[in-house]
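Coordinates in review
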Amino acid sequence: MKRSDFENIVVPLKDKVFRFAKSIMSFQSQAEDITQDVFMKLWIKREGLHKYNNIEAFVMTVTRNLCLDLLKSKQNKLSNFESTGIKETYDFNTPLSETQYSDQLNWVNKIIADLPELQKTTVQLRDIEGYEYDQIAEITGMSKGAIRTNLSRGRQKIRTELTKVYNYGVE
């Protein structure tokens with residue numbers, strides 16, 4: 001793969017790689033290190049990247065593996081999800097709406113952080129990063145049925161916990 005191809009195909013994935021690494025790692029600095037390591041590995045192996053049908057899925061798999069390796073070596077705990085760029089599309093009319101958005105995002109991040117690892121990973125990849133089931137299966141090695149089950153359970157847990165927090169439906 002030529003430098004220009006690498007810059008056009010792989011480099012634009014840096015934000016997704018960082019968000020995915022941050023969703024797994026305890027600290028932002030760890031996610032930054034993982035992101036840098038991923039791109040270093042990919043640059044070194046750039047000549048062989050053409051072998052992969054889905055380079056994006058390969059990049060996310062490399063990211064996941066590096067994160068898990070670091071977690072195993074340091075015995076870290078999984079941590080909170082970082083804001084995912086949704087804020088840029090949110091219309092803030094008043095300071096109150098911005099505060100409410102921030103509060104809701106913090107609650108959702110906290111709830112997601114407490115999900116089991118597989119549910120957390122599927123929610124991150126599907127709902128936050130926007131991957132299709134085939135891509136998630138390729139990244140995680142899970143079957144589509146397992147992905148759907150974990151995604152459904154994760155979403156249900158998020159709904160249940162948000163209902164408790166905001167007392168939705170209770171008058």
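Our structure's up above, just so we're on the same page.
Below is a summary of the structure that appears in this document. Nothing here was measured: the structure is a model prediction, and the numbers come from that model.

Here we come to the packing of aromatic side chains. Summed over all chains, the structure comprises two aromatic pairs. Note on phenylalanine 6 and tryptophan 43: the rings are 5.1 Å apart at their centroids and 80 degrees apart in plane angle, and the pair reads as edge-to-face. Pair noted here: phenylalanine 6 is in helix 1 (residues 3-9) and tryptophan 43 is in helix 3 (residues 28-44), with a separation of 37 residues, a long-range link. The partly exposed category is assigned to tryptophan 43, whose relative accessible area is 31%.

Quick look at helix 3 now. For the α-helix, the turn length of 3.6 residues means that residues three or four positions removed from each other point alike. For helix 3, built from 17 residues, the straight-helix expectation of 24 Å at 1.5 Å per residue is met to within 8% by its first-to-last C-alpha distance of 24 Å. Three or more residues of helix 3 are buried, namely Gln30, Ala31, Ile34, Thr35, Val38, Phe39 and Leu42. Each buried residue of helix 3 lies within a common arc of 170 degrees when the element is viewed along its axis, so the set occupies one face. Opposite the buried face of helix 3, by more than 90 degrees, sit the exposed residues Gln36 and Ile44.

In terms of nonpolar packing, the biggest core is built from 42 residues, with Val10, Ile34, Val38, Leu42, Leu49 and Val59 touching the most fellow members. At the level of elements, helix 2 (14-24), helix 3, helix 4 (55-74), helix 5 (95-113), helix 6 (117-128), helix 7 (133-140) and helix 8 (144-166) are the ones that each hand at least two residues to this core. Excluding its chain neighbours within four sequence positions, the residues that come into contact with leucine 42 are Phe6, Val10, Leu49, Phe58 and Val59.

Thresholds, definitions, all that
- Residues numbered from 1 in each chain as written.
- Predicted model: local features only at pLDDT ≥ 70, side-chain atom pairs only at ≥ 80, totals over all residues.
- Heavy atoms only, no water.
- Phe/Tyr/Trp six-rings, centres within 6.5 Å; stacked < 30°, edge-to-face > 60°.
- Helix = DSSP H or I, 4+ residues; strand = E, 2+ residues; numbered from the N terminus.
- Buried < 20%, exposed > 50% of the residue type's maximum accessible area, 1.4 Å probe, protein only.
- Expected span 1.5 Å × (residues − 1).
- Arc of directions from axis to C-beta.
- Core = buried A, V, L, I, M, F, W, Y, C linked by side-chain atoms within 4.5 Å.
- Contact = heavy atoms within 4.5 Å.

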